[in-house]
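Chains, contacts and geometry: an overview
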Amino acid sequence: MFDDSAPIYLQIARMIRAQVLAGETAEEEQVMSTTEFATTFRINPATAAKAFALLVDEGVLYKRRGLGMFVAPGARDRLLEAHRESFFADVLAPALEQADVLGIPRAALVDHVLGRPAGADGSNPTTDTTEATP
């Protein structure tokens, strides 16, 4: 389960974030307690508590005294917004830079994303308005 080089508490936080993003754990739904995490995954309860504290600081979880930890209202929307921003910065921007280096026109990228076939030169007969040169 925890085989990443990242600290276990960060892996737990990532796992809970992913569950909230995927809708597997809904807003106001209770998450496993630190003791349950420790027992289930054979980790120190303090490690799980550290992950929960991080998620509380991020506004993903909140504590109901005497009841446990719950997914905060609006947590999924906040996570979606944060992931969208990182997607554009960490995934799309480098991909666009690489496309520029490879000489791939932006129109060809759009066509590819939309599932329209493109020629070997990146042109698309359905959207390319330039005439072919002999």
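See above for the structure.
Bear in mind that the values here come from a model prediction, so they are computed numbers and not experimental data.

Cut-off values and rules
The residue numbering used here restarts from 1 in each chain and proceeds along that chain's sequence as written. At least 70 in pLDDT is required for a residue's local features to be given in this predicted model, at least 80 for side-chain atom pairs to be given and counted, and no such filter applies to totals for whole chains, interfaces and linings, which use all residues. Hydrogen atoms and water are omitted, and side-chain values are computed over all heavy atoms in the structure. Site definitions follow a grid-based scheme: protein atoms alone, a 1 Å grid, a 1.4 Å probe that fits but cannot get out for cavities, and for pockets an open set with protein on both sides within 12 Å along at least five of seven lines, plus lining residues having an atom within 4 Å of a point. Grid points are joined across faces, edges and corners, and a volume is the space filled by probe spheres set on the points. A run of H or I in DSSP becomes a helix once it reaches four residues, and a run of E becomes a strand once it reaches two; helices and strands are each numbered from the N terminus. In this classification, Asp, Glu, Lys and Arg are treated as charged, Ala, Val, Leu, Ile, Met, Phe, Trp, Tyr, Cys and Pro as nonpolar, and every other residue, Gly included, as polar. Joining through side-chain atoms within 4.5 Å is the link that ties buried Ala, Val, Leu, Ile, Met, Phe, Trp, Tyr and Cys residues into a set, and such a set is a nonpolar core. Per-residue accessibility, obtained with a 1.4 Å probe over protein chains only, is compared with the maximum for each type, and a residue is labelled buried under 20%, exposed over 50%, and partly exposed between these values. Any two residues having at least one pair of non-hydrogen atoms within 4.5 Å are treated as being in contact.

Observations regarding the layout of surface pockets
The space that makes up the largest pocket amounts to roughly 170 Å³. Looking at the largest pocket, it is lined by ten residues, and the ones nearest its centre are Ile 104, Ala 108, Leu 109, His 112 and Val 113. Of all the secondary structure elements, the ones that give two or more residues to the lining of the largest pocket are α4 (75-102) and α5 (106-113). The residue inventory of the lining of the largest pocket, partitioned by class, reads nine nonpolar, one polar and no charged.

Here's the deal with the nonpolar core
Grouped together as the largest cluster of nonpolar side chains are 22 residues, with contacts concentrated most on Ile 12, Ile 16, Val 20, Phe 37, Phe 52, Val 60 and Leu 61. Elements supplying a minimum of two residues to this core: α1 (8-21), α2 (34-41), α3 (45-58), β2 (68-71) and α4. A total of six residues in this core trace back to one element, the largest contributor, which is α1. Apart from residues no more than four positions distant in its own chain, Phe 37 is found in contact with Ile 12, Met 15, Ile 16, Met 32, Arg 42, Ile 43, Ala 48 and Phe 52.

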